[in-house]
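# Per-entry structural report
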Amino acid sequence: MGYHTPMNLTQIFPEHGPVANLPKHDRNAWLKGGGALCEMPPRVPQGQAWRIVLLGAPGIGKGTQAELLCERLGTCQLSTGDIFRNAKCLQEHEQTPSMKDALGFMRQGALVPDTTVLGLIRDRLRCLRCSGGFLLDGFPRTVPQAEALEKILQEENIQLSAVLNYELPIERIVARISGRRTCSKCKAVYHVANRPPKVADVCDHCGGSLFQREDDRPESVEVRMKAYATSTSPLINFYQQRGLLLTISADGSPEEIYQRTRLLALGR
Ligand code: AMP
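What comes next is a walk through the structure. In this text, all values refer to a predicted model and were calculated from it rather than measured experimentally. (Residues numbered from 1 in each chain as written. Predicted model: local features only at pLDDT ≥ 70, side-chain atom pairs only at ≥ 80, totals over all residues. Heavy atoms only, no water.)

## A look at the overall build of the protein
Within the protein one finds 11 helices and eight strands. The C-alpha atoms of the protein give a radius of gyration of 17 Å, which matches the 18 Å a tight globule of 268 residues would have. Overall, the protein is about 45 × 40 × 40 Å in size when its C-alpha atoms are taken along their principal axes. Each of the 268 residues in the protein was classed as buried or not, and the buried ones make up 53%. Relative to all contacts within the protein whose residues are 6 or more apart in sequence, the contacts with residues 24 or more apart total 73%. Charge-centre separation for the protein: the mean point of 33 positive side chains lies 2 Å from the mean point of 28 negative side chains. (Helix = DSSP H or I, 4+ residues; strand = E, 2+ residues; numbered from the N terminus. Rg over C-alpha atoms; globule rule 2.2 N^0.38 Å. Buried < 20%, exposed > 50% of the residue type's maximum accessible area, 1.4 Å probe, protein only. Contact = heavy atoms within 4.5 Å. Lys, Arg positive; Asp, Glu negative; His and termini not counted. Charge placed at Lys NZ, Arg CZ, Asp CG, Glu CD.)

## Concerning the nonpolar core
Counting 38 residues, the largest nonpolar core has Phe84, Leu128, Leu136 and Tyr239 as its most contacted members. Among residues more than four places away in sequence, those in contact with Leu136 are Trp30, Ile52, Val53, Leu54, Leu78, Leu128 and Leu149. Listed in part, the 27 residues of the second largest apolar core include Ile52, Leu68, Cys70 and Ile257. (Core = buried A, V, L, I, M, F, W, Y, C linked by side-chain atoms within 4.5 Å.)

## Remarks on helix 4 (residues 97-108)
With 12 residues, helix 4 extends 18 Å from end C-alpha to end C-alpha; this agrees with the ideal 16 Å at 1.5 Å per step. The set of residues buried in helix 4 consists of Met99, Ala102, Leu103 and Met106. Along helix 4, the residues classed as buried sweep out an arc of 100 degrees about the axis, all on the same side. For helix 4, exposure combined with an orientation more than 90 degrees from the buried face picks out Pro97, Asp101 and Gln108. Considering only its buried residues, helix 4 is in contact with helix 3 (80-88) and helix 5 (114-122). Once helix 4 ends, the next one or two residues include Gly109, with phi positive near 90 degrees. (Expected span 1.5 Å × (residues − 1). Arc of directions from axis to C-beta.)

## Some remarks on the site of the ligand
Close to the ligand lie 17 residues, the nearest being Thr80, Arg85, Ala110, Gly138 and Arg141. Measuring from an oxygen atom of the ligand, one finds a backbone N or O atom of Ala110 at 2.6 Å. At 3.3 Å, a side-chain N or O of Arg213 approaches an oxygen atom of the ligand. No other element matches helix 3, which puts four residues into the shell around the ligand. Across the shell around the ligand, the residue classes break down as seven nonpolar, five polar and five charged. (Near = heavy atom within 4 Å. Polar contact = N/O pair within 3.5 Å; in protein donor to acceptor, adjacent residues only side chain to side chain. Nonpolar A, V, L, I, M, F, W, Y, C, P; charged D, E, K, R; others polar.)

See the structure below:
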């Protein structure tokens, strides 16, 4: 398969704090695609770079874990949802027809068709090759997407380090979604009760204003949960068969979940 076996991991998984006191990645290359370049060069780790896929139902807190993991492993969060949210902010004439279609699916909470998503990924292959590694959040979301990713990584001779699968009962997830707020500028994720910003509605990192995502409304949440159960949960089996899956309880504070993740990854 060309993947690491579970016992082959030699990378460092830090207990606390960012790897270096550097500003957050701007993720220009990922969010804009094509010829766009990130302003900051990758933070190349001392050991091997981490190449991680995050799995879990919408609202389980993948975005928050992604932020902590990226800060501490020095890698970059590659979220397909953020590409769509970024495109939503573009002027009408700047959006391609397929992006306009994709945003329609997104507003309803439905999955964007695989062909559109895979087109976006192919346009951003440079981010998968990045020497700083990557953390894929929200992709792959279907078995055809996972098969396509596997093929791309094989062609590029890139190996996944692990697939982190977060789990929590559905009622708890719905409570998390209703309190979630996102920064309009740097996309950092907060929760009004569990992870509030220092100043209400203002991002701690960049001072941007916080907003509630359109697809976090109750009617969209129901559609997203169904899409997860039907299309995304089969990926648990897909990655288990490849010896890459680590299942982690998403109960507790973001820091507790991070420490659980760290211990599990180190124990591999
Ligand atoms: P997320 O932020 O990952 O929850 O994504 C928000 C929305 O973007 C989803 O509800 C989908 O409409 C769309 N989306 C993001 N990633 C994908 C993907 N890999 N496949 C299909 N649709 C996606």
